[in-house]
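Listed below are the residues making up each chain.
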Amino acid sequence: MIMVLHSQVFAVLACVSLCLLLGCSVGYASQDDIDCLKSIKDSLEDPFNYLNSSWNFNNNNEGFICRFTGVDCWHPDENKVLNIKLSDMGLKGVFPQGIKKCSSMTGLDLSRNKLYGSIPSNISGLIPFVTSLDLSSNNLSGVIPKSLANCSFLNNLKLDHNKLTGQIPAELGFLNRMKTFSLTNNLLSGPIPRFQASFSADDFANNPGLCGKPLDPCQSTSKGQGSKTGVIAEAALGGVHVAVICLCIFLIYFREASVMRKKKDDSEGNKWAKSLKGAKGIKAS
């Protein structure tokens with residue numbers, strides 16, 4: 001009986017501990033999401049007061065952030081951010097690093113604002129579970145970070161109408177869930193990676209240096225190889241010409257030397273012959 005009682009007490013204590021643990025984890029996660037939104041508000045200029053008028057953190061009710069402009073939650077009464085949609089609000093600043101604390105977020109739309117600077121190189125660590133990322137129509141510059149390839153749940157990626165430079169990372173071709181990918185109107189160059197999905201030429205248009213399907217074939221590599229081959233051929237041909245000229249000079253010099261030597265030998269022979277004739281003339285007299 002005592003053993004049964006002890007086992008029941010132990011089971012109750014275990015259940016209570018588990019509930020407390022889950023409650024604490026949910027509480028911490030909710031606070032992280034609140035801190036995430038605070039960080040976004042603090043790091044971006046808001047000239048039209050879209051955030052200042054709506055994002056009021058002086059409220060401790062569960063789910064209060066779910067009523068913020070541009071914020072969707074997993075559940076209306078739970079402070080867990082599902083999506084952040086802040087498109088066309090005139091927001092100005094760099095990509096907010098504090099967004100990392102919205103650890104359950106699956107969608108981020110900061111398009112049609114005035115974001116500047118580069119896309120963070122550690123972006124996959126900031127938004128690892130996003131399925132949709134829209135940073136189009138901003139003033140973002142620099143290269144497309146390779147770490148975007150680690151956002152393996154991405155279905156939609158829009159980076160068009162910015163000032164991005166460099167090449168499209170080949171690693172992005174491994175994002176096998178991608179359905180939408182837009183890089184129109186940037187400053188990108190180099191070959192377009194192979195993707196499992198089919199994208200149109202419009203998705204890559206107005207990038208002066210991009211090439212490869214679905215755009216025109218890349219010519220730079222073949223031209224470069226052709227020019228290198230041409231230089232090597234010209235150098236080889238020049239070397240042959242120099243060798244032929246040197247050979248001709250040597251043959252001419254050798255021929256002239258042989259002629260001079262022959263003339264010298266003939267001159268010596270004539271002297272010897274003349275001396276013999278002189279000796280014979282003396283004997284005859």
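Residues numbered from 1 in each chain as written. Predicted model: local features only at pLDDT ≥ 70, side-chain atom pairs only at ≥ 80, totals over all residues. Heavy atoms only, no water.

**Remarks on the overall build of the chain**
Phase 1: Helix and strand counts for the chain come out as four helices and twelve strands.
Phase 2: Across the 285 residues of the chain, 33% fall into the buried class.
Phase 3: A fraction of 44% describes how many contacts in the chain between residues 6 or more apart in sequence connect residues 24 or more apart.
Phase 4: Of the roughly 17800 Å² that the chain leaves accessible, carbon and sulfur atoms contribute 60%. (Helix = DSSP H or I, 4+ residues; strand = E, 2+ residues; numbered from the N terminus. Buried < 20%, exposed > 50% of the residue type's maximum accessible area, 1.4 Å probe, protein only. Contact = heavy atoms within 4.5 Å. Areas by Shrake-Rupley, 256 points an atom, 1.4 Å probe, with all protein chains shown as cover.)

**Regarding the sheet that holds strand S10 (residues 180–182)**
Phase 1: As summarised here, the arrangement of the six strands in space is S1-S2-S4-S6-S8-S10, forming an open sheet in which the pairing is mixed. Two strands lie at the open edges of the sheet, namely strand S1 (71–73) and S10, each paired on one side alone. For this sheet, the mean inter-axis angle between neighbouring strands, taken without regard to orientation, is 15°.
Phase 2: In this sheet, strand S4 (residues 107–109) lies alongside strand S2 (residues 81–85) in parallel orientation, the contact comprising three bridges. Opposite Lys-85, over in S4, you have Asp-109 as the bridge partner. (Pairing = 2+ DSSP bridges. Axes fitted to C-alpha atoms, helices over the stretch in contact; angles between N-to-C directions.)

**Section: the pairing of S2**
Phase 1: For S2, a buried count of four out of five residues is recorded, marking the element as mostly surrounded by other parts of the structure.
Phase 2: Across three bridges, the pairing between S1 and S2 is antiparallel. Counted as the bridge partner of Asp-72 is Asn-83 from S2.

**Concerning the side chain of Thr-184**
Phase 1: In this fold, Thr-184 is placed in the loop between S10 and strand S11 (187–191).
Phase 2: Sequence-distant contacts of Thr-184, that is, excluding residues within four places in its chain, are made with Asp-160, His-161, Asp-202, Asp-203, Phe-204, Ala-205, Asn-206 and Asn-207.

**Side note on the environment of Asp-134**
Phase 1: Mapped onto the fold, Asp-134 is located in strand S6 (residues 132–134).
Phase 2: With 23 residues separating them in the primary sequence, Asp-134 and Ser-111 have C-alpha atoms 5.7 Å apart.
Phase 3: Beyond its immediate chain neighbours, meaning those up to four positions away, Asp-134 contacts Leu-108, Asp-109, Leu-110, Ser-111 and Lys-158.

**Quick look at the sheet that holds strand S5 (residues 114–118)**
Phase 1: Pairing in this open sheet of six strands is parallel, and the strands run S3-S5-S7-S9-S11-S12 from one edge to the other. Taken across any chain shown, the strands that pair with only one partner, and hence form the sheet edges, are strand S3 (92–93) and strand S12 (209–211).
Phase 2: With two bridges connecting them, S3 and S5 associate as parallel partners. Considered in S5, the bridge of Gly-93 is made with Leu-115.

**A short note on the environment of Leu-210**
Phase 1: For Leu-210, the location among the structural elements is in strand S12.
Phase 2: By relative accessible area, Leu-210 is classed as buried at 9%.
Phase 3: Considering only alpha carbons, one finds Leu-210 and Ile-192, 18 residues apart in sequence, at a separation of 6.7 Å.
Phase 4: With near-sequence residues (within four places) excluded, Leu-210 lies in contact with Ile-168, Leu-188, Ser-189, Gly-190, Ile-192, Phe-204 and Leu-215.

**Observations concerning the packing of aromatic side chains**
Phase 1: Inspection of the entire model under this criterion finds nine aromatic pairs.
Phase 2: On the numbers, 6.0 Å between centres and 80° between planes, the contact of Phe-181 with Phe-204 is edge-to-face. Note that Phe-181 is positioned in strand S10 and Phe-204 in the loop between S11 and S12, a separation of 23 residues in sequence. Each member of the pair, Phe-181 as well as Phe-204, carries the same accessibility label: buried.
Phase 3: Geometrically, the ring pair formed by Phe-195 and Phe-199 is edge-to-face, given 5.4 Å between the ring centres and 80° between the ring planes.
Phase 4: The class for Phe-195 is buried, based on a relative accessible area of 16%. (Phe/Tyr/Trp six-rings, centres within 6.5 Å; stacked < 30°, edge-to-face > 60°.)

**Considering the pattern of salt bridges**
Phase 1: Taken as a whole and assessed by the stated rule, the structure comprises three salt bridges.
Phase 2: Asp-72 serves as the salt-bridge partner of Lys-85, at 3.6 Å between the closest nitrogen and oxygen. Note that Lys-85 is positioned in strand S2 and Asp-72 in strand S1, a separation of 13 residues in sequence. (Salt bridge = Lys/Arg side-chain N within 4 Å of Asp/Glu carboxyl O.)

**Overview of the state of the cysteines**
Phase 1: Counted under the stated rule, the structure contains three disulfides.
Phase 2: Residue pairing for Cys-36: its cysteine sulfur links by disulfide to Cys-102, the two sulfurs lying 2.0 Å apart. The sign of the -110° torsion about the S-S bond sets the Cys-36-Cys-102 disulfide as left-handed. Taken together, the positions of Cys-36 in helix H1 (residues 2–43) and Cys-102 in the loop between S3 and S4 put the pair 66 residues apart, joining distant regions of the chain.
Phase 3: A relative accessible area of 0% places Cys-36 in the buried class. (Disulfide = S-S within 2.5 Å.)

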